[in-house]
Amino acid sequence: MRKLIAGTLRLVKPDFRIEADPAAAAAELLTAASGHVCLTGGSTPRRAYERAAELRSNWSGVDVWFTDERCVPPDHEHSNFRMAAAALLLDAEGVAVHRMQGELGPDAGAAAYERDYQAAGRPAFEMILLGLGPDAHICSLFPGDDALGERERPVVGVDTPGMAPIVARITLTLPVVNGSERIVFLITGEDKADAVARAFSGRRDPMAPASLVEGEVTVLLDEAAARRL
Ligand code: 6PG
């Protein structure tokens, strides 16, 4: 993996918003967005997507992308697309959905998504929603993984993820994340408190991938996740 300079300081401090209901706050931001919007997977955002569906029915003019996907069919229990479709996308009139084709496998799936992204003109996302793993990973960019050091390709495959579900992945790369106009983290629960502390210490560390995220960053979190801030 290309050597990343650990220890250098993050240039701009994030905007931390400790919320009683971070998912509702994320839903507000999502429903206000237009253009190209990127959704994270995992379990935390489900409620935000459900709330966004309650708040907005017409999503014309919005292109929805994904931060990452597990290499499973779209109807599989581990599919990020399946979660987002059930919570929001099936009810979102007029939305244009750019699904990562996990069923193609990591390399072919990444290549297919790269073609889709190129065909759309490599858009900067108006908003990208990120989760945070307990190991401070984002997307499917895991600590110390080669994918984290990728600076040319916008999308890559990950054969061996650092966390469950242990299935190959497709993931956006860091330059695409950091190229977003607005980056919003949605983080809840005590089990994320240590990762939050490592992610937002101010020091860049490839063993805490979230610490490499830079730009207009808003962090929505509950008291439990913020405990060690
Ligand atoms: C995924 C996500 C991943 C997620 C974190 C947090 O495919 O799992 O994209 O980056 O945001 O793992 O997941 P939870 O919200 O389930 O804790």
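Report on the accompanying structure. None of these values were measured; they are calculated from a predicted model.

1. Notes on the site of the ligand
Near the ligand, the surroundings consist of 17 residues, among which Ser43, Thr44, Asp68, Cys139 and Lys192 are the closest. Here an oxygen atom of the ligand sits 2.7 Å away from a polar atom, N or O, in the side chain of serine 43. In the environment of the ligand, an oxygen atom lies 2.8 Å from a nitrogen or oxygen atom belonging to the side chain of arginine 70. Here the ligand has 410 Å² of accessible area as a free molecule, and 88% of this is covered by the chains. When atoms are counted within 2 Å of each cavity's grid points, the one that captures over half of the ligand is the largest pocket. Classifying every residue of the shell around the ligand gives three nonpolar, ten polar and four charged.

2. Comments concerning the sheet that holds strand β2 (residues 35-39)
In space, the seven strands of this open sheet follow the order β1-β10-β9-β6-β2-β3-β5, with parallel pairing throughout. The two strands at the open ends of the sheet, each matched to only one other strand, are β1 (15-18) and β5 (96-97).

3. A few points about the pairing of strand β9 (residues 183-187)
Burial within β9 is extensive, with five of its five residues counted as buried. Here β9 shows two buried faces, one formed by Ile183, Phe185 and Ile187 and the other by Val184 and Leu186. Alignment of β9 against strand β10 (residues 217-221), held across five bridges, turns out to be parallel. The partner of leucine 186 across the bridge, within β10, is leucine 220. Running through helix α7 (residues 193-199), the crossover from β9 to the neighbouring parallel element β10 is right-handed.

4. Considering the nonpolar core
Within soluble globular proteins, side chains that are nonpolar tend to cluster in buried spots. Counting 71 residues, the largest nonpolar core has Tyr49, Ile138 and Phe185 as the members making the most contacts within it. Of the residues forming this core, the biggest block, six residues, is contributed by helix α1 (residues 22-32). Residues within four places of phenylalanine 185 in sequence aside, it is in contact with Leu130, Gly131, Leu132, Ile138, Phe200, Ala210, Val213, Val217, Thr218, Val219 and Leu220.

5. Here's the deal with the pattern of salt bridges
By the definition in use, this model includes eight salt bridges. Taking the shortest distance from any N to any O, the salt bridge between aspartate 21 and arginine 47 comes out at 2.6 Å. On the criterion of sequence distance, the pair formed by aspartate 21 in the loop between β1 and α1 and arginine 47 in helix α2 (residues 46-55) is long-range, its members being 26 residues apart. Looking at arginine 47, the relative accessible area reads 41%, which means it is partly exposed. For aspartate 194, the salt bridge identified is with arginine 228, shortest N-O distance 2.5 Å. Taken together, the residues aspartate 194 in helix α7 and arginine 228 in the segment after β10 connect sequence positions 34 residues apart. Judged by its relative accessible area of 41%, aspartate 194 falls in the partly exposed class.

6. Considerations on the environment of valine 64
Structurally, the position occupied by valine 64 is in strand β3 (residues 62-66). Each C-alpha atom, one on valine 64 and one on leucine 39, is 7.0 Å from the other, the two residues being 25 residues apart in sequence. Once residues lying within four places of it in the same chain are set aside, the contact partners of valine 64 are Val37, Leu39, Leu89, Val95, Ala96, Val97 and His98.

7. Focus on unusual backbone geometry
Residue proline 165 is reached from alanine 164 by a cis peptide bond, and omega for that bond is -5 degrees. Within the secondary structure, proline 165 sits in the loop between β7 (155-158) and β8 (169-172). Phi angles above zero are rare outside glycine, and arginine 122 is one such case at about 50 degrees. Following the sequence through the fold, arginine 122 ends up in the loop between α4 (106-119) and β6 (127-130). For arginine 122, a relative accessible area of 39% puts it in the partly exposed group. Even without glycine at this site, cysteine 139 takes up a positive phi of about 50 degrees.

Criteria and cut-off values
- Residues numbered from 1 in each chain as written.
- Predicted model: local features only at pLDDT ≥ 70, side-chain atom pairs only at ≥ 80, totals over all residues.
- Heavy atoms only, no water.
- Near = heavy atom within 4 Å.
- Polar contact = N/O pair within 3.5 Å; in protein donor to acceptor, adjacent residues only side chain to side chain.
- Areas by Shrake-Rupley, 256 points an atom, 1.4 Å probe, with all protein chains shown as cover.
- 1 Å grid on protein atoms, 1.4 Å probe; cavity = no way out; pocket = protein on both sides within 12 Å on 5 of 7 lines; lining within 4 Å.
- Sits in = over half its atoms within 2 Å of the grid points.
- Nonpolar A, V, L, I, M, F, W, Y, C, P; charged D, E, K, R; others polar.
- Pairing = 2+ DSSP bridges.
- Helix = DSSP H or I, 4+ residues; strand = E, 2+ residues; numbered from the N terminus.
- Buried < 20%, exposed > 50% of the residue type's maximum accessible area, 1.4 Å probe, protein only.
- Right-handed = clockwise from strand over helix to strand, strands pointing away.
- Core = buried A, V, L, I, M, F, W, Y, C linked by side-chain atoms within 4.5 Å.
- Contact = heavy atoms within 4.5 Å.
- Salt bridge = Lys/Arg side-chain N within 4 Å of Asp/Glu carboxyl O.

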